[in-house]
Structure formats: structure tokens, C-alpha cells
Amino acid sequence: MVEFEQALLAVAAAFVIFAVVALYRVYVGPTIHDRVIAVNVMGTNTVIAIALVSAAFDQPVFLDVALVYALLNFLLSIAFSKFNVEHGGVL
């Protein structure tokens, strides 16, 4: 069982690395749309990493944190899209 927990933590670490790689696109992104999508990808990778850590440590409380973070990530994307469309940009 220890190998399974270590594998879950390794996969969670890989998703954290993917989120850090997406941070490059947030910084460099040629358009604002690329940056918004990269922030959304970072949020999704973070939710997946939190869920994997929850499974590895057998702590269902972390799943609640992951769900709240996923909802906030979704609301941020919707709010930014609405703001961008209202100020002349087409998303």
C-alpha cells in the first residue's frame, strides 16, 4: 500500500510541475486570452494535485478544499470573461 501512496504523491508532484510550467505562459503569453487559459490550467492542475494528496493521505477534508478551489477557479474565469467582453474585447 505504501507504493500506491508514493505513486499518488509522485503524480501530484508532476501536476504541480505542470502548473509551474503553465506559469511561464501566464508571464509570456502573447495575448490576454493565452494568459487567462494558462491561469485556468494552473487552477485545474492545483485541484487535481490536492485531490491526489487527499487520496494519498486518506483525508477526505482535502477534497472539500479542492472543490471550493475548483469553484473559485471557475468563477474567476467567468468573471474575467464578462469583464473582458464588457470592455470591448471578444473572448
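Everything that follows concerns the structure shown earlier in this document.
What you see as residue numbers is a count from 1 along each chain, following the sequence as written. At least 70 in pLDDT is required for a residue's local features to be given in this predicted model, at least 80 for side-chain atom pairs to be given and counted, and no such filter applies to totals for whole chains, interfaces and linings, which use all residues. With hydrogens and water set aside, each side-chain value is computed from the structure's full complement of heavy atoms.

Visitor: Residues and numbers for the overall build of the chain, please.
Guide: Helix and strand assignments follow DSSP, with helices taken as H or I runs no shorter than four residues and strands as E runs no shorter than two, numbered in order from the N terminus. Check the secondary structure of the chain and you find three helices and zero strands. Ordering the α and β elements of the chain from the N terminus gives α-α-α. Against the compact-globule benchmark of 12 Å for 91 residues, the chain has a radius of gyration of 16 Å, which places it well outside the compact range. Counting over 91 residues, the chain shows a buried share of 21%. Two residues qualify as a contact provided that any one of their heavy atoms is within 4.5 Å of a heavy atom in the partner residue. Contacts in the chain between residues at least 24 apart in sequence constitute 51% of all its contacts with a sequence separation of at least 6. A radius of gyration in this sense is built from C-alpha atoms; the matching globule rule multiplies 2.2 Å by the number of residues raised to 0.38. Buried residues are those whose accessible area, probed at 1.4 Å on protein chains only, stays under 20% of the maximum for their type, while exposed residues exceed 50% and partly exposed ones sit between those limits.

Visitor: Just give me the short version of the nonpolar core, but keep the residues and values in it.
Guide: Grouping buried Ala, Val, Leu, Ile, Met, Phe, Trp, Tyr and Cys residues that are joined through side-chain atoms within 4.5 Å yields what is termed a nonpolar core. Ranked by size, the top nonpolar core spans five residues in total: Leu8, Ala12, Ala49, Leu52 and Ala56. Those elements that place two or more of their residues in this core are helix H1 (2–28) and helix H2 (32–57). When residues of this core are assigned to their parent elements, the largest contribution, three residues, is made by H2. Ignoring any residue separated from it by four or fewer positions in sequence, one finds Leu52 in contact with Leu8, Val11, Ala12 and Phe15.

Visitor: Break down a nonpolar patch on the surface for me, with residues and values.
Guide: There is a patch of nonpolar side chains on the surface, built from Val68, Leu72, Phe74, Leu75 and Ile78 and spanning about 500 Å² of accessible area. Take Leu72: its relative accessible area is 51%, and that puts it in the exposed class. Patch building starts from residues that exceed 30% relative accessible area and form no salt bridge, then joins like charges within 9 Å and nonpolar side chains (Val, Leu, Ile, Met, Phe, Trp, Tyr) within 5 Å. Each accessible area is a Shrake-Rupley estimate made with a 1.4 Å probe; only the visible protein chains count as cover when residues are assessed. Salt bridges are defined by distance alone: a side-chain nitrogen of Lys or Arg within 4 Å of a carboxyl oxygen of Asp or Glu.

Visitor: Outline the packing of aromatic side chains, supporting the account with residue identities and numerical values.
Guide: Put simply, two rings from Phe, Tyr or Trp (the six-membered ring, in Trp's case) pair if the centres are within 6.5 Å, and we call them stacked under 30 degrees between planes, edge-to-face over 60, tilted for the rest. This model, assessed by the stated rule, comprises one aromatic pair. A ring pair is formed by Phe15 and Phe18, whose centres lie 5.8 Å apart and whose planes are at 85°; its orientation type is edge-to-face. Separated by three residues within a single helix, Phe15 and Phe18 lie in helix H1, roughly one turn from each other. Looking at Phe15, the relative accessible area reads 21%, which means it is partly exposed.

Visitor: Tell me about the packing of H1 against H2, and name the residues and values.
Guide: Between N-to-C directions, angles cover 0 to 180 degrees, with each direction set by a line fitted to C-alpha atoms, over the stretch in contact for helices. Two numbers describe how H1 lies on H2: the axes approach to 8 Å, and their chain directions differ by 165°. One element, H1, and the other, H2, form an angle in the roughly antiparallel class. Taken as a pair, H1 and H2 cross one another with a handedness that is left-handed. Only Asp, Glu, Lys and Arg are considered charged in this grouping, and only Ala, Val, Leu, Ile, Met, Phe, Trp, Tyr, Cys and Pro are considered nonpolar; every other residue, Gly among them, is considered polar. Of the residues in the contact of H1 with H2, the class split is 24 nonpolar, one polar and four charged. These descriptions rest on fixed angle ranges, namely under 35 degrees for roughly parallel, over 145 for roughly antiparallel, 65 to 115 for roughly perpendicular, and the rest for oblique. Crossing handedness is defined as follows: a turn of the near helix away from the far one that is anticlockwise and smaller than a right angle gives a left-handed crossing, while the clockwise case is right-handed.

Visitor: Mind laying out the side chain of Asn45, listing which residues take part and the relevant values?
Guide: Residue position: Asn45 is located in helix H2. According to the relative accessible area criterion, Asn45 is buried, its value standing at 10%. Setting aside its immediate chain neighbours within four residues, Asn45 contacts Phe15, Phe18 and Ala19.

Visitor: Got a sec to walk through the packing of H2 against helix H3 (residues 61–86)? Specific residues and values, please.
Guide: Two elements in contact, H2 and H3, have axes whose closest approach is 8 Å; the angle formed by their N-to-C orientations is 170°. Overall, the two elements H2 and H3 adopt an arrangement that is roughly antiparallel. Along the lines of polarity and charge, the residues of the contact of H2 with H3 split into 15 nonpolar, nine polar and no charged.

All quantities given are derived from atomic positions and should not be read as evidence of function.
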